[in-house]
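# Summary of the model geometry
Listed below are the residues making up each chain.
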Amino acid sequence: MSALPDRLEAMIAARALMPGDRLPAERTLAAQLGVSRSALREAIKHLASRGRVVSRQGGGTYIAAAQEGEPLRDALLELAPLARDEAGYWRDVLEIRKSLEADAAAFAARRADEADRARIAAACDVLSRALQSERGDHAAAEAPLGLARLDAAFHMAIARAAHNAVLHQVMIGLQGLLETSISDSLARLYRLPGVPGQLDLQHRRIMDAVLGADAEAARAAAIAHLCYVEDRLDDIESDAARQQRSAQALRHIRNTEDAPS
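Predicted, not measured: the structure shown is a model, and the values here were computed from it.

### Some points on the overall build of the protein chain
- The secondary structure content of the protein chain amounts to 13 helices and two strands.
- Within the protein chain, buried positions represent 44% of all 261 residues.
- Partitioning the contacts of the protein chain with sequence separation of at least 6, the portion at a separation of at least 24 is 75%.
- Total accessible area on the protein chain is roughly 13700 Å²; 51% of this is exposed by carbon and sulfur atoms.

### A look at the nonpolar core
- Ile120, Phe154, Ile158, Met171, Leu189, Leu199 and Leu233 are the most contacted members of the largest nonpolar core, which totals 52 residues.
- Going through the elements one at a time, α6 (89-111), α7 (114-132), α9 (147-161), α10 (165-181), α11 (183-189), α12 (195-211) and α13 (215-258) are the ones with two or more residues in this core.
- For this core, the leading source of residues is α6, giving ten residues.
- Judged by nonpolar contacts, the second largest core, of 15 residues, contains Leu4, Leu23, Leu33 and Ala43.

### With respect to the environment of Asp113
- Inspection of the secondary structure assignment puts Asp113 in the loop between α6 and α7.
- The exposure class of Asp113 is partly exposed, given its relative accessible area of 34%.
- Taking the C-alpha atoms as reference points, Asp113 and His163, 50 residues apart in sequence, are found 9.8 Å from one another.

### Details of the environment of Arg129
- Looking at the secondary structure, you find Arg129 in helix α7.
- Judged by relative accessible area, which is 56%, Arg129 ranks as exposed.
- Along the sequence, Arg129 and Asp200 sit 71 residues apart, while their C-alpha atoms lie 9.1 Å from each other.

### Some points on α12
- For α12, built from 17 residues, the straight-helix expectation of 24 Å at 1.5 Å per residue is met to within 8% by its first-to-last C-alpha distance of 24 Å.
- Three or more residues of α12 are buried, namely Val195, Pro196, Leu199, Asp200, Gln202, His203, Ile206, Met207, Ala209 and Val210.
- Positive backbone phi, approximately 60°, marks Ala213, located one or two places after α12.

Thresholds, definitions, all that
Residues numbered from 1 in each chain as written. Predicted model: local features only at pLDDT ≥ 70, side-chain atom pairs only at ≥ 80, totals over all residues. Heavy atoms only, no water. Helix = DSSP H or I, 4+ residues; strand = E, 2+ residues; numbered from the N terminus. Buried < 20%, exposed > 50% of the residue type's maximum accessible area, 1.4 Å probe, protein only. Contact = heavy atoms within 4.5 Å. Areas by Shrake-Rupley, 256 points an atom, 1.4 Å probe, with all protein chains shown as cover. Core = buried A, V, L, I, M, F, W, Y, C linked by side-chain atoms within 4.5 Å. Expected span 1.5 Å × (residues − 1).

The values are spatial; any link to function lies outside them.
The following block contains the structure:
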């Protein structure tokens, strides 16, 4: 069984907890992990020493905010206004993600340790349950804070398993840009017929290749997954543009009919 700090890290990834999110109360968390409260405190201290969590006296334990000295991620997030204002900017983001995530998956297949594998499996299982849940419509309505966050947590678990700090930080920044530029489209992505099942299958193919230490299969699965996402997002964008043209045409017809002869 993994060391308790690694199990706690896997739980954080599986629940897609983000900086500022609070961990469950000590008593609850100890029960969930099946450990004593003293052992849990030691695990939390260990994660705190690594900058993963911060404990506030009388106020609980929280996921730590991004540390200073992460210029790559900060530089990417400075592009957020451009991502919001420029139509089609998401295509640039996905284009570079194909290269980076293919490498990340291949590196993870070669380098992942037991703790990495536990995080990846946990994140994939939680995401799979959410995609297959009967409450999928409700969860999708919360995207990107719902399913999209769980989706991102899975990919970040793989990026972390690549054991390349620069690659990991760049991917975090790119994920933020993608959510910023197409948050509405991401929300619609999970509602498209058949898409949740396909995403689940693709994620499991990536996971299986990584856990099986098959670098080339992991690379191919990551590329295939992002190509699929790109195609579906393009469908969403094209449909939105078509509806906008139709609405404009209808308004023009009504205005023409209402105009005095």
